[in-house]
Amino acid sequence: MKDRLRQYIQSALQSCFDSGALSSGILPDIQIEVPGNPQHGDFSTNAAMMMARTEKRAPRQIAETLVAALGPANDFWQKVEIAGPGFINFTLAPVCWYQVLDQIAREGATYGRSEAGKGQKIQVEFVSANPTGPLHIGHGRGAATGDAVAAVLKAVGYEVEREYYINDAGNQINTLGRSLLLRYRELQGETIEFPEDCYQGDYITDLAREVLETEGNRFLDLPETDAIAWFRSFGGKRILSGIDADLQAFGVFMDHWFSENSLFESGEVERGLELLKERGLTYEKDGAVWFRTTDFGDDKDRVLVRSNGDTTYFASDVAYHMEKLSRGFDTIIDVWGADHHGYVQRMKAVFSGLGHSPEALHLILVQLVNLLRGGEQVAMSTRAGEFVTLREVVDEVGRDACRFFFLMRRSDSQLDFDLELAKQQSTDNPVYYVQYAHARVCSINRNAAEQGISLPGAGEADLSKLVLDEELALAKLLSRYPETLLGAARHHEPHRVIFYLQELAAQFHSYYNRDKVLVEDPDVSRARLALVNAVRTVICNALTLLGVSAPERM
RNA sequence: GCGCCAGUAGCUCAGCUGGAUAGAGCAACGGCCUUCUAAGCCGUGGGUCGAGGGUUCAAGUCCUUCCUGGCGCGCCA
């Protein structure tokens with residue numbers, strides 16, 4: 001719709017230049033937008049104001065010239081007006097909006113999708129929690145966000161891969177092994193002073209008990225390092241499969257699980273260090289190897305190899321991102337907790353250092369989740385093992401509410417998540433508000449069927465019966481779904497889809513209360529059925545994309 | 001001290017690449033069910049967009065200084 005209008009305007013501009021009505025010959029980068037105020041028409045362009053300088057004429061004069069060149073009203077636009085400082089406002093013919101409804105009926109579940117990102121490969125890496133304990137609520141937000149970003153990108157044509165990076169090398173996984181071994185020994189009567197730096201949660205004891213039951217006491221005789229190695233591997237695997245199960249219950253399905261350890265086994269880490277060295281980006285100081293990240297905007301250089309010979313986590317990350325790039329992704333998106341923001345510059349430096357554009361790496365920093373229950377803060381401390389797991393929350397409030405709430409805010413703003421509110425089946429709860437709109441249309445459909453009125457397919461209803469302002473307004477809002485999706489994808493902001501859904505549901509509920517769909521005139525009924533079913537389709541498409549169900553009854 | 005993010009209605013937050021009178025929900029108050037699901041709708045009140053300066057036809061949006069809050073600044077991961 002917008003593109004079609006743009007073509008009209010551009011050809012009008014061109015004819016102005018050709019006829020000499022406008023002199024500069026400079027085609028401005030005009031904007032076409034939907035005015036906030038419906039009195040300003042359906043679309044508005046700032047073309048005249050943009051040209052004021054190059055034309056050296058008042059914007060309103062230019063606008064008049066342009067409007068003259070556009071010619072008389074036609075079957076596309078009904079009215080053109082010049083307003084304010086020089087805006088040109090267009091009101092489109094209703095038939096344009098009827099076409100949108102037909103298009104939705106025709107395209108169904110694919111309405112809103114596009115091929116804007118065709119040919120571009122994007123990887124979204126998210127969650128990537130250490131396999132040392134179950135996912136907690138903070139990971140849940142990362143999971144919902146990463147998954148939705150991936151879904152939205154895919155919907156607009158990008159080739160998308162969802163990946164989980166497993167930190168199965170390094171200290172934390174060792175600590176896991178040690179924690180398990182200690183609990184295991186404790187279970188066999190040994191008195192253990194359980195160290196503070198070990199994992200405190202009950203799940204550790206549960207796992208240790210399981211080992212005792214299936215493997216017996218054979219690890220008591222093993223040298224400690226061997227025993228820890230076994231427990232580390234066992235614990236890591238078990239916890240990881242638990243994480244996978246939790247994610248699946250949350251509706252998140254990873255395409256690829258990538259092991260940090262494999263980077264060592266394949267020599268990737270070594271190669272990464274070599275490459276940086278060859279490029280003259282490293283140096284030795286105090287017995288350690290440093291990466292000159294300050295060359296690329298970081299505020300200090302970073303250690304790659306410690307003086308004791310161990311590589312750092314950062315060295316793994318260099319290798320990991322090198323490996324990602326070698327898989328041919330045009331864009332790499334990492335979803336991190338916002339407390340890792342200090343890491344951004346050095347990761348960008350890796351890209352620059354390896355000769356890639358730092359623009360190829362996008363970071364989505366997800367802020368903290370503030371868990372509340374009835375307005376009261378729920379205390380959490382990972383160290384003491386007192387955290388609320390994602391599983392608990394999903395079990396309590398349900399997957400739909402959980403995912404919706406996580407996506408309701410921009411990821412870079414903190415999120416209050418109130419368990420009581422999320423469970424409430426009331427007007428306070430935006431999840432049900434949107435789902436309810438969908439269920440209501442389904443209910444109308446059932447009533448229509450009882451009355452023997454069939455659902456009109458594309459082109460089967462006389463849409464010219466839709467003459468009310470609120471009906472056209474709904475159709476206009478529906479026409480904006482594809483661009484909403486595209487914006488959400490390009491900016492990696494799935495919350496835009498949530499806000500759109502809330503607006504659409506609000507307009508629908510308002511229409512529903514004001515006008516009956518099923519009326520005496522069967523032609524009007526069928527036209528209105530076509531309209532509300534277009535609403536239903538879009539709500540269903542958007543909710544599905546975000547991993548939230550669209551129930552037919554509530 | 002340095003850096004990142006934020007500061008918009010009493011509360012929680014939207015505000016798309018700068019656009020016309022700054023929006024929504026909650027809370028408060030008043031209405032609407034013999035009519036397709038009241039998990040809904042309609043109405044009322046509520047704002048120096050943290051403060052100052054700048055850029056321009058136009059600034060909540062861009063630049064700059066300052067104030068406030070959260071987070072981060074390991075040869076941890």
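Scoring rules and cut-offs
- By convention here, each chain's residues receive numbers from 1 onward along its written sequence.
- Here the convention is simple: chains get letters from A, ligands get numbers from 1, in the order in which they are written.
- This being a predicted model, a pLDDT of at least 70 is required before a residue's local features are given, and a value of 80 or more before pairs of side-chain atoms are given or counted; all residues contribute to the totals for chains, interfaces and linings.
- Each side-chain value is derived from all of the structure's non-hydrogen atoms; neither hydrogens nor water enter the calculation.
- Domain boundaries shown here were taken from an automatic or database domain assignment.
- Definition used in this section: a nonpolar core is a set of buried Ala, Val, Leu, Ile, Met, Phe, Trp, Tyr and Cys residues joined via side-chain atoms within 4.5 Å.
- Exposure classes here rest on a 1.4 Å probe applied to the protein chains alone. A residue is buried below 20% of its type maximum, exposed above 50%, and partly exposed in between.
- Helix and strand definitions follow DSSP, with helices as H or I runs of at least four residues and strands as E runs of at least two, each counted in order from the N terminus.
- Between two residues, a contact is recorded if the distance between any of their heavy atoms is within 4.5 Å.
- For two strands to be treated as a pair, DSSP must find at least two bridges joining them.
- Polar contacts, as counted here, are pairs of nitrogen or oxygen atoms within 3.5 Å of one another; within protein the pair requires one atom able to donate a hydrogen and one able to accept it, and residues that are adjacent in sequence qualify only if both atoms are side-chain atoms.
- Each Phe, Tyr or Trp ring, with Trp reduced to its six-membered ring, pairs with another whose centre is within 6.5 Å; inter-plane angles below 30 degrees give stacked pairs, above 60 give edge-to-face pairs, and intermediate values give tilted ones.
- Note on method: axes are straight lines fitted to C-alpha atoms, helices fitted across the in-contact stretch only, with angles between N-to-C directions ranging 0 to 180 degrees.
- Oblique is the label for any angle not under 35 degrees, not over 145, and not in the 65 to 115 range, which are roughly parallel, roughly antiparallel and roughly perpendicular in turn.
- Left-handed describes a crossing whose near helix is turned anticlockwise from the far helix by less than a right angle; the clockwise case is right-handed.
- We call a residue near a molecule or strand when any one of its heavy atoms sits within 4 Å of it.
- Residues are grouped as follows: nonpolar covers Ala, Val, Leu, Ile, Met, Phe, Trp, Tyr, Cys and Pro; charged covers Asp, Glu, Lys and Arg; every other residue, Gly included, is treated as polar.
- We define a salt bridge as a side-chain nitrogen of Lys or Arg found within 4 Å of a carboxyl oxygen belonging to Asp or Glu.

Undergrad: Please clarify how the domain arrangement of chain A should be interpreted in this entry.
TA: Reports often express the size of an interface as the amount of accessible area lost when the parts come together. We note that the domain assignment places domain 1 (2–92), domain 2 (171–242) and domain 3 (428–545) within chain A. Computed from C-alpha atoms alone, the centre-to-centre distance between domain 1 and domain 3 is 32 Å.

Undergrad: Which parts of the structure should I look at to understand the nonpolar core?
TA: Buried together is how nonpolar side chains tend to be arranged in soluble globular proteins. Counting residues in hydrophobic clusters, the biggest one holds 138 residues, and the most contacted among them are F406, F417 and L478. A per-element tally of this core places helix α20 (residues 522–545) first, with 12 residues. In this view, L478 contacts V100, L101, I104, Y111, Y500, L504, L531, A534, V535 and V538; residues no more than four positions away in its chain are not counted. V269, L273, V318 and V350 belong to the second-largest nonpolar core, a separate cluster that totals 28 residues.

Undergrad: Would you mind going over the pairing of strand β4 (residues 87–92) with me for this structure?
TA: A regular strand carries its side chains on alternate faces of the sheet. Among the six residues in β4, five count as buried, and that is most of the element. As judged from the three bridges shared by strand β2 (residues 43–45) and β4, these two strands associate in the antiparallel manner. Across the sheet, the residue bridging to S44 is N89, located in β4. Linking strand β3 (residues 77–83) to β4, which pair antiparallel, is a turn of three residues; within it G84 sits at a positive phi near 55 degrees.

Undergrad: It is not clear to me how the side chain of N167 should be interpreted in this structure. Could you clarify?
TA: Mapped onto the elements, N167 comes out in the loop between β6 (159–166) and α6 (171–187). Taking the relative accessible area as the measure of exposure, N167 reaches 7% and is therefore buried. A distance of 3.5 Å separates polar atoms of two side chains, one belonging to N167 and the other to Y313. N167 has contacts with S128, N130, P131, I173, E260 and Y313, leaving out every residue within four places of it along the chain.

Undergrad: How do you make sense of the packing of aromatic side chains when you look at a structure like this?
TA: For any pair of aromatic rings, the description rests on two quantities: the centre-to-centre distance and the angle between the ring planes. Following the criterion strictly, the structure yields 25 aromatic pairs and no others. When the centroid spacing of 6.0 Å and the interplanar angle of 70 degrees are considered together, the rings of W77 and F90 count as edge-to-face. Placement of the pair is W77 in strand β3 and F90 in strand β4, with a sequence separation of 13 residues. Here W77 falls in the buried class, since its relative accessible area comes to 1%. Look at F314 and Y343: their rings are 6.1 Å apart centre to centre, the planes differ by 90 degrees, and that puts the pair in the edge-to-face class. Residue F314 is found in helix α11 (residues 313–326), and its partner Y343 is found in the loop between β11 (331–337) and α12 (344–353); the two are separated by 29 residues along the sequence.

Undergrad: Would you mind going over the packing of helix α2 (residues 47–55) against helix α3 (residues 59–70) with me for this structure?
TA: α3 packs onto α2 with a crossing angle of 115 degrees between their chain directions and a minimal axis gap of 8 Å. As the angle between them shows, α2 and α3 are arranged roughly perpendicular. At the point where α2 passes α3, the crossing takes the right-handed sense. Each of A47, A48, M49, M51, A52 and E55 in α2 lies in contact with α3, whose residues at this interface are P59, I62, A63 and L66.

Undergrad: What exactly am I supposed to notice about the protein's contact with RNA strand B here?
TA: Taken together, 64 residues lie around RNA strand B, and N37, R306, Y436, S443 and N447 are the ones closest in. Counting only atoms of RNA strand B within 4 Å of the protein, the sugar-phosphate share comes to 66%. A distance of 2.9 Å is found between a sugar or linking oxygen of RNA strand B and a side-chain nitrogen or oxygen belonging to K300. R440 places a side-chain nitrogen or oxygen 2.5 Å from a phosphate oxygen of RNA strand B. Sorting the residues of the surface near RNA strand B by element identifies α2, β4, α6, β9 (288–291), α16 (430–450) and α19 (495–514) as the ones contributing at least two each. Among the elements that line the surface near RNA strand B, the one with the most residues is α16, at nine residues. Class assignment for the residues of the surface near RNA strand B results in 19 nonpolar, 26 polar and 19 charged.

Undergrad: Explain helix α17 (residues 469–479) here, please?
TA: Residues separated by three or four positions in an α-helix point in the same direction, a consequence of the helix having 3.6 residues per turn. When you tally the buried positions in α17, you get eight out of 11 residues, the bulk of the element. Burial in α17 covers these residues: E470, E471, L472, L474, A475, L477, L478 and S479.

Undergrad: Just checking my understanding: could you explain the pattern of salt bridges for this structure?
TA: Applying the stated rule across the entire model yields 29 salt bridges. The closest approach of N and O atoms between E215 and R218, which form a salt bridge, is 2.8 Å. Between E323 and R327 there is a salt bridge; the shortest N-O distance is 2.9 Å. Overall, E323 belongs to the buried group, its relative accessible area being 15%.

Undergrad: Is there a simple way to think about the side chain of D42 in this case?
TA: Inspection of the secondary structure puts D42 in the loop between β1 (32–33) and β2. When its relative accessible area of 7% is taken as the criterion, D42 is described as buried. Engagement of the side chain of D42 in a polar contact is seen with the backbone nitrogen of L92, the distance being 2.8 Å. A distance of 2.7 Å separates polar atoms of two side chains, one belonging to D42 and the other to K476. Once you skip the residues sitting within four places of it in the chain, D42 turns out to touch E33, V34, P35, F90, T91, L92, W97 and K476.

Undergrad: What is the right way to look at the sheet that holds β9 in this model?
TA: Whenever strands of a sheet pair, they do so through backbone hydrogen bonds, lying parallel or antiparallel. Strands sit in the order β8-β9-β10 across an open sheet of three strands; the sheet is antiparallel. For this open sheet the edge positions go to β8 (282–285) and β10 (302–305), each flanked by a neighbour on one side alone. Direction aside, neighbouring strands of the sheet carry axes that sit 45 degrees apart on average. Bridge count for β8 against β9 is four bridges, and the pairing is antiparallel. In the sheet register, T282 faces β9, and the bridge partner there is F291.

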